[in-house]
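The residues making up each chain are set out below.
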Amino acid sequence: MTDPNPYEIRQYEPADRDAFLDLFADVLGGRMGEDWFAWKYERNPYVDSVPIMIARRGDELVGARAFFPLRLAAGDDEFSAFQPCDSMVRPEHQRQGLFTRLTERAIDRYDDADVFFNFPNHRSLPGNLKLGWQVVSDRETFYRLQNPTAWLSRLAPVESVVRSLASGYVSIRDRLADSSDAIELSRYDHVPASLLATLASSETIPEFHVVRDETFYEWRFANPHWTYRTVVTTRNEAPAAAVVYGRRNRTNGPTTVRIADVLPLAEGTSSSRRTALAALLDAVLRENRDADVIAAPGSVIPRSVLQARGFHGDQRAPLKWVTSPSTHVARPAGEPPLDWTRSGRRLTDDSNWRLAFCEADSG
């Protein structure tokens, strides 16, 4: 007789590491390496075990549902949050209910968490909604394409022409943007955890956001696949605003720069904040003229500042045709009936969240 339930669903064990990395390479693409796994899962400071559920059939690891634990805050209240990531099932074992079983087991395993939130694309969104997640908002990312031919290999014969046109366009946008040369800047070839944590602690943010303390900065920006740098503005000889950006150079893909964090984070349209962020963004652009694409979070940098410098959102044509926008979803931990409020704020109200890029899992 055929076993009607041949899969074992259980918590990750240290002996599963190599099989997990092989599964990642086969299903998601790319050999991530032991140093990446150690950073992302073994050294995560917000959990005392590797936050991965796995599915095995016999001696083969065929599926996994991993998590990216973080600390959230809203005002003076803090919460434990788990972000699903690196979900994968081998093609020959799909449509067997493994995604559902892995997620349900994880919800049971991490029942002491407060919130689950993540950013699925259109392919994985239905599975999240089926398991109780609800949509918070479409997550808009802004891109400055400095070399479109990095995606359009079929245009290789006219690559130099296309690249020249793109370079000319962003150069014109830079010249038309308001000048920010008078602002004093300090640059760091790393992420100064203490400085940024101090700057972050100077503001109280009522919306849900990631706790930005030294623990967070020291761990989050140790990802071995990215090189991180920081630019800071000063006022009265004290740090006033900052951005952290990451750069990843690929031999078989575009060189990408991401504006990972922005301080101050609190929502505001004051001219001083806008001017400081414009100066910081200009510094990042000057330092990365050779990058193929620069990505920025539209939720925490004024759109006018981004658009003036040649950034375009992925919710509109033409980028929506060539990118894979994500959706912000959330779910309270525990079993129904669920309480969808924390600190008196509803989890599914987009105005109750304040997110950059550093809150999101990244490869």
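On a predicted model such as this, the values are computed, not experimentally measured, just so you know.

Undergrad: Outline the layout of surface pockets, supporting the account with residue identities and numerical values.
TA: The computed volume of the second largest pocket comes to approximately 550 Å³. In this structure, the second largest pocket is lined by 23 residues; those nearest its centre are Gly 298, Ser 299, Val 300, Asp 350 and Arg 354. Elements that contribute at least two residues to the lining of the second largest pocket include exactly strand 6 (134-139), helix 8 (271-287) and helix 9 (303-307). A per-element tally of the lining of the second largest pocket places strand 6 first, with 3 residues. Taken together, the residues of the lining of the second largest pocket break down into 5 nonpolar, 8 polar and 10 charged. Inspection of the lining of the second largest pocket shows a minimum of three residues originating in each of domain 1 (7-138 + 327-352) and domain 2 (141-313).

Undergrad: Summarise the packing of helix 1 (residues 17-27) against helix 2 (residues 34-42); cite the residues concerned and give the values.
TA: Where helix 1 contacts helix 2, the two axes come as close as 11 Å, and the packing angle between them is 105 degrees. When the interaxial angle is binned, helix 1 and helix 2 end up roughly perpendicular. Note on element contacts: helix 2 touches helix 1 through Glu 34, Trp 36, Phe 37, Tyr 41 and Glu 42, opposite Arg 17, Asp 18, Phe 20, Leu 21 and Phe 24. Taken together, the residues that form the contact of helix 1 with helix 2 break down as 6 nonpolar, no polar and 4 charged.

Undergrad: Tell me what's going on with unusual backbone geometry, and back it up with residues and numbers.
TA: Cis geometry is adopted by the peptide bond preceding Pro 264, which originates at Leu 263 and carries an omega value of 0 degrees. Within the secondary structure, Pro 264 is located in the loop between strand 12 (256-263) and helix 8. Residue Pro 336 is joined to Pro 337 through a cis peptide bond whose omega torsion reads 0 degrees. If you trace the backbone, Pro 337 turns up in the loop between strand 15 (326-332) and strand 16 (341-342). A positive phi angle, near 45 degrees, is found at Asp 86, a position not held by glycine. Residue position: Asp 86 is located in strand 4 (residues 77-89). At Arg 95, a position not held by glycine, the phi torsion is positive, near 65 degrees. Tracing the backbone shows Arg 95 in the loop between strand 4 and helix 3 (98-109). Look at Arg 95 and you get exposed, because its relative accessible area is 84%.

Undergrad: Just give me the short version of helix 8, but keep the residues and values in it.
TA: For helix 8, with 17 residues, the first-to-last C-alpha span of 24 Å sits near the 24 Å given by 1.5 Å per residue. Looking only at helix 8, the buried set comprises Arg 273, Ala 276, Leu 277, Ala 278, Ala 279, Leu 280, Leu 281, Asp 282, Ala 283, Val 284 and Leu 285.

Undergrad: Let's hear about the pattern of salt bridges: which residues, and what values?
TA: Pairs can form between side chains of opposite charge whenever their charged atoms are close. For the coordinates displayed, the defined rule picks out 19 salt bridges. Where Glu 60 meets Arg 90, a salt bridge forms, and the shortest distance between an N and an O atom there is 3.4 Å. Of this pair, Glu 60 sits in strand 3 (residues 60-74) while Arg 90 sits in the loop between strand 4 and helix 3, placing them 30 residues apart in sequence. Residue Glu 60 is classed as partly exposed on the basis of its relative accessible area, which comes to 33%. Here Arg 90 falls in the buried class, since its relative accessible area comes to 13%. Taking the shortest distance from any N to any O, the salt bridge between Glu 78 and Arg 71 comes out at 3.5 Å. What makes Arg 71 partly exposed here is its relative accessible area of 27%.

Undergrad: Describe in detail empty space enclosed by the protein, supporting the description with residues and values.
TA: Under the criterion given, the structure shown has 2 cavities of 30 Å³ or more. Estimates place the volume of the second largest cavity at around 40 Å³. Lining the second largest cavity, in full, are Val 243, Ile 259, Val 262, Leu 277, Leu 280, Leu 281, Val 284 and Ile 301. Counting residues per element, the lining of the second largest cavity draws most heavily on helix 8, which supplies 4 residues. Here the lining of the second largest cavity is built from residues that sort into 8 nonpolar, no polar and no charged.

Undergrad: Run through helix 1, naming residues and quoting values.
TA: Inspection of helix 1 places Phe 20, Leu 21, Leu 23, Phe 24 and Ala 25 among the buried residues, and these make up the whole buried set. Residues of helix 1 that are buried in the fold lie against helix 2, strand 2 (52-57), strand 3 and strand 4. Where helix 1 ends, the next residue or the one after it, Gly 29, has phi of about 90 degrees, a positive value.

Undergrad: Could you give an account of the packing of aromatic side chains, naming the residues involved and the relevant values?
TA: Within the structure shown, the criterion is met by 24 aromatic pairs. Taking 5.4 Å as the distance between ring centres and 40 degrees as the angle between the ring planes, the aromatic pair formed by Phe 117 and Trp 353 counts as tilted. Separated by 236 residues along the polypeptide, Phe 117 in strand 5 (residues 115-118) and Trp 353 in the segment after strand 17 (345-346) bring together distant segments of the chain. The exposure classification of Phe 117 matches that of Trp 353, with both residues buried. The structure contains a cluster of three or more aromatic residues connected by ring pairs, namely Tyr 12, Phe 20, Phe 24, Trp 36, Phe 37 and Tyr 41. Here the guanidinium or amino end of Arg 139 rests over the ring plane of Phe 119, the centre of that ring lying 4.3 Å away. Above the face of the Trp 133 ring, Arg 331 is positioned so that its terminal group lies 5.8 Å from the ring centre.

Definitions and limits used
Residues numbered from 1 in each chain as written. Predicted model: local features only at pLDDT ≥ 70, side-chain atom pairs only at ≥ 80, totals over all residues. Heavy atoms only, no water. 1 Å grid on protein atoms, 1.4 Å probe; cavity = no way out; pocket = protein on both sides within 12 Å on 5 of 7 lines; lining within 4 Å. Points joined across faces, edges and corners; volume = space filled by probe spheres on them. Helix = DSSP H or I, 4+ residues; strand = E, 2+ residues; numbered from the N terminus. Nonpolar A, V, L, I, M, F, W, Y, C, P; charged D, E, K, R; others polar. Domains from an automatic or database assignment. Axes fitted to C-alpha atoms, helices over the stretch in contact; angles between N-to-C directions. Parallel < 35°, antiparallel > 145°, perpendicular 65-115°, else oblique. Contact = heavy atoms within 4.5 Å. Buried < 20%, exposed > 50% of the residue type's maximum accessible area, 1.4 Å probe, protein only. Expected span 1.5 Å × (residues − 1). Salt bridge = Lys/Arg side-chain N within 4 Å of Asp/Glu carboxyl O. Phe/Tyr/Trp six-rings, centres within 6.5 Å; stacked < 30°, edge-to-face > 60°. Lys NZ or Arg CZ within 6 Å of the ring centre and 35° of its normal.

Any functional reading would require information that these geometric values do not contain.
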